[in-house]
Amino acid sequence: MSDPYETTEEHLERLLGRALNSFDLPDAAVERLESALAHSTSLHSSHHSAGLHRETFKHVFLLSDGSSLTLWELAHNAGRDGTTRHELYTEAAEVRLAASRLPRAGGFGWAPGDTDGRDPEGGEAQLDADLEILAALMATRPATAPRIFIPDNSADHARRVLRRAENADRPGPDAGLRLASAVAHQITQAFGRQCSVEGRDAGFTLYEHAFLLRDGCEVSLWEVEHTATPDGRHMCEVYGTERAAREAMELRARVR
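Definitions and limits used
- Residues numbered from 1 in each chain as written.
- Predicted model: local features only at pLDDT ≥ 70, side-chain atom pairs only at ≥ 80, totals over all residues.
- Heavy atoms only, no water.
- Helix = DSSP H or I, 4+ residues; strand = E, 2+ residues; numbered from the N terminus.
- Buried < 20%, exposed > 50% of the residue type's maximum accessible area, 1.4 Å probe, protein only.
- Pairing = 2+ DSSP bridges.
- Axes fitted to C-alpha atoms, helices over the stretch in contact; angles between N-to-C directions.
- Contact = heavy atoms within 4.5 Å.
- Salt bridge = Lys/Arg side-chain N within 4 Å of Asp/Glu carboxyl O.
- Core = buried A, V, L, I, M, F, W, Y, C linked by side-chain atoms within 4.5 Å.
- Polar contact = N/O pair within 3.5 Å; in protein donor to acceptor, adjacent residues only side chain to side chain.

A. View of the overall build of the protein. Tallying secondary structure elements over the protein gives seven helices and eight strands in all. In the protein, buried positions account for 43% of the 256 residues.

Written out as structure tokens, the structure reads:
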């Protein structure tokens, strides 16, 4: 994983160069890393099953001002082509959340060859399963426990969520302006399911990004991550209400 002969600058350049989401790292963190003097890499966790694998690495950098900064790297082969992909995060909670989103065998999620218990020949059983999926997409989630907000550069997190949204009807500039006063946030997975859309496997996940604002108000962004795209690529959409997000999922998964 780590070349003992590479410099810290080379190591950092390699990390940022291979990470699919390096553009999503906080600008302040990337700027601080420019002064890195030394680094240390260690394997934090590893999971292998049914041809799927994921590893989490902890990269600690010593900066010129005497402080340190940690990058968490998630490496996995959960993509369609089975090649190893890399993602970078600045918080342990973020990399744990990203790992939880990955398909996995033997539990919730999808593995090659899965049919979700449906008749692979299609027919009435397939239609019933698809209708069940649509009902689940539109279902109201059960009551949740009291929120636990975490003060962690929340305004920047809101900015990044809005920036990665690809839907034309995403929250506008007014939402971004209001969320600039966020002082804490909480991320919750509200829904997750694999299904078949027009004969192709597609995954849907719904996240609530709840923000506590400086004036004491709470505002949520609802993020839909799915692969119900013509080429199967991963897509993010963001909505201002849970209902709008679930309606968007229902539209994407509609039986045609």
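B. Molecular detail of the sheet that holds strand 3 (residues 68-76). Pairing within the open sheet is antiparallel, and its four strands lie in the order 1-2-3-4. This sheet does not close on itself; its edge strands, each paired only once, are strand 1 (36-49) and strand 4 (85-89). Pairwise comparison of adjacent strand axes, ignoring direction, gives a mean angle of 20 degrees for this sheet. Examined bridge by bridge, strand 2 (residues 52-63) and strand 3 share nine bridges and lie antiparallel to one another. The residue bridging arginine 54 from the neighbouring strand is histidine 76, located in strand 3. On the sheet, helix 3 (residues 92-101) packs against strand 2, strand 3 and strand 4 and is oriented at approximately 5 degrees with respect to strand 3.

C. Focus on the pattern of salt bridges. For the structure shown, the criterion picks out 10 salt bridges. Salt-bridge contacts for arginine 160 lead to glutamate 94; the nearest nitrogen and oxygen are separated by 3.8 Å. Of the two residues, arginine 160 sits in helix 5 (residues 154-163) while glutamate 94 sits in helix 3, which places them 66 residues apart along the sequence. The exposure class assigned to glutamate 94 is buried, which follows from its relative accessible area of 16%. Linking arginine 164 and glutamate 223 is a salt bridge whose minimum nitrogen-to-oxygen distance equals 2.7 Å. Taken together, the residues arginine 164 in the loop between helix 5 and helix 6 (173-179) and glutamate 223 in strand 7 (residues 218-226) connect sequence positions 59 residues apart. Linked through salt bridges whose partners overlap, the residues forming this network are Asp24, Arg163, Arg164 and Glu223.

D. Structural detail: the environment of arginine 85. Inspection of the secondary structure puts arginine 85 in strand 4. The class for arginine 85 is partly exposed, based on a relative accessible area of 30%. Residues arginine 85 and leucine 20, 65 residues apart in the sequence, show an inter-C-alpha distance of 7.3 Å.

E. Structural view of the nonpolar core. With 13 residues, the main nonpolar core has Phe204, Leu206, Val224, Ala245 and Met249 as its most contacted residues. Going through the elements one at a time, strand 5 (182-197), strand 6 (200-213), strand 7 and helix 7 (242-252) are the ones with two or more residues in this core. If you look at the next biggest cluster of nonpolar residues, it comprises 12 residues, including Leu25, Leu33, Ala36 and Leu71.

F. Quick peek at the side chain of threonine 8. The residue threonine 8 is located in helix 1 (residues 8-18) in this model. Side-chain polar atoms of threonine 8 contact the side chain of histidine 39, separated by 2.9 Å. Here threonine 8 is in contact with Ala36, Leu37, Ala38, His39 and Phe61, once residues within four sequence places are set aside.

G. Spotlight on the pairing of strand 2. As paired strands, strand 1 and strand 2 are joined by 12 bridges and run antiparallel to one another. The residue of strand 2 that forms the bridge with alanine 38 is leucine 62. Connecting strand 2 to the antiparallel partner strand 3 that follows it, the hairpin turn spans four residues, and glycine 66 within it adopts a positive phi of roughly 90 degrees.

H. Geometry of the environment of histidine 11. The residue histidine 11 is located in helix 1 in this model. Residues histidine 11 and serine 40 lie 29 residues apart in sequence; the distance between their C-alpha atoms is 10.0 Å.

I. Structural detail: the environment of methionine 235. Locating methionine 235 in the fold gives a position in strand 8 (residues 235-239). Separated by 70 residues in sequence, methionine 235 and alanine 165 place their C-alpha atoms 8.2 Å apart. Excluding residues within four positions of it along the chain, methionine 235 makes contact with Glu166, Val224, Glu225, His226, Thr229 and Arg252.

None of this, on its own, says anything about what the molecule does.
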